[in-house]
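Here is how the chains run, residue by residue.
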Amino acid sequence: MNESQSAGDQVAEAWRQHRPYLVNLAYQMLGDVGDAEDVVQEVFLRFSRADVSEIEEVRGWLTVVASRLCLDQVRSARARYERPGEVQDLPAPQRSDPADRVTLDDEIRTALLEVLRRLSPAERVAFVLHDVFGVPFDSISETVGRPVGTCRQLARRARAKFLAAQPKTNSVASAEHQLVTDKFITACANGDITALAAVLDPTVWGVGTILADPAPPPQINHGPQAVATNLLRYLWPGVTLVVGPAGGPALLAFSGRRLFAVIVLTIRGSRVVKIEAIADPSARAGQVAEKA
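Since the structure is predicted, the reported quantities are computational estimates derived from the model, not experimental observations. (Residues numbered from 1 in each chain as written. Predicted model: local features only at pLDDT ≥ 70, side-chain atom pairs only at ≥ 80, totals over all residues. Heavy atoms only, no water.)

Draft legend 1. Molecular detail of the environment of R268. Mapped onto the fold, R268 is located in strand β7 (residues 258-268). For the pair R268 and V180, spaced 88 residues apart in the sequence, the C-alpha separation amounts to 9.8 Å. (Helix = DSSP H or I, 4+ residues; strand = E, 2+ residues; numbered from the N terminus.)

Structure (structure tokens):
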């Protein structure tokens, strides 16, 4: 890090650069955006107390700390839901009436739990770190506390379970796709329209669909500037954006820890060429009203 910066400035800069990535990483392991945000809050608390000048690679240090905290939390949760020798289903979302409308939050959360419940804590951490975020196995070994060869086996078993749970999924996103998505999320988290426009193709177009009755016509925007400007109207400030279950193609937008939009990016090369969004404005409006 820049030695001319004060420790406080370095922590603030790390928060701006790496918090969106860490929340996304923690969400992949925990399946709950509130828990993910709490873990990352603890990570930065520890970072602020550490000797920053002794940390050679900040993102790597933060990743290790976040992963260990997630592993502890997953193990704790697993112990509550398991009996010796058997795996119990995690509780499904509760609804007051079977005829109630299935919300966006219900569908996404159920799909996520269906995948996560098949993985042991170590399998989940190894799979998410390696297959979703590209962390090398020697670093995963340090986090999980098991040999590199064992971590490879954990990731392999987790991958097989994930594919079995998601038969329509061909593969996890490519490294290039992950890089573009990471830049997209970070730009939105910081309200940085220049950085956001930089990951959009010159021909990019976006279409937004509102869940309402009656539903208004889809909103369509063309070009990096128009698309970026419209996105930040809804995705900043106060919105947490994470990738869908285990690196899936959808981004999930939370406001006040409540899901209000799903965004699908079409990526070619190193640019986003199309953005499709489905939003439930009542979810966001409820959070805004509570804060008012």
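So much for the structure itself; the text now carries on.
Draft legend 2. Inspection of the packing of aromatic side chains at higher detail. All chains considered together, the criterion is met by four aromatic pairs. Their ring planes at 50° and their centres at 5.5 Å tell us that F47 and W61 sit as a pair that is tilted. Residue F47 is found in helix α2 (residues 33-49), and its partner W61 is found in helix α3 (residues 58-81); the two are separated by 14 residues along the sequence. Over the aromatic face of Y21 sits the side chain of R59, whose NZ or CZ is 3.7 Å from the ring centroid. (Phe/Tyr/Trp six-rings, centres within 6.5 Å; stacked < 30°, edge-to-face > 60°. Lys NZ or Arg CZ within 6 Å of the ring centre and 35° of its normal.)

Draft legend 3. Seen up close, the pairing of strand β6 (residues 250-255). By the criterion of burial, β6 is predominantly enclosed, with six of the six residues buried. Where burial is concerned, the two faces of β6 agree: the one with A250, L252 and F254 and the one with L251, A253 and S255 are both buried. Where strand β5 (residues 239-243) lies against β6, five bridges are found, and the strand directions are antiparallel. Across the sheet, residue V242 finds its bridge partner in β6, namely L252. Of the strand pairs in this sheet, β6 and β7 are connected by six bridges, and their pairing is antiparallel. Note on β7: the bridge partner recorded for L251 is I263. (Buried < 20%, exposed > 50% of the residue type's maximum accessible area, 1.4 Å probe, protein only. Pairing = 2+ DSSP bridges.)

Draft legend 4. Structural context of the side chain of T186. With respect to the element layout, T186 can be found in helix α8 (residues 175-189). By relative accessible area, T186 is classed as buried at 16%. Discounting chain neighbours no more than four positions away, the residues touching T186 are R16, Q17 and P20. (Contact = heavy atoms within 4.5 Å.)

Draft legend 5. Highlighting the confidence of the model for the protein. Averaged over the protein, the pLDDT score is 80; the fraction of residues at 70 or greater is 76%. Taken element by element, the protein is modelled with least confidence in strand β2 (residues 86-87), mean pLDDT 40, and with most confidence in helix α9 (residues 193-198), mean pLDDT 97. Below pLDDT 50 for its whole length, residues 167-172 participates in five contacts with residues either more than four positions away or in separate chains. Confidence drops under pLDDT 50 across residues 288-292; counting only partners more than four residues distant or on other chains, this segment forms zero contacts. (pLDDT = per-residue confidence, 0-100.)

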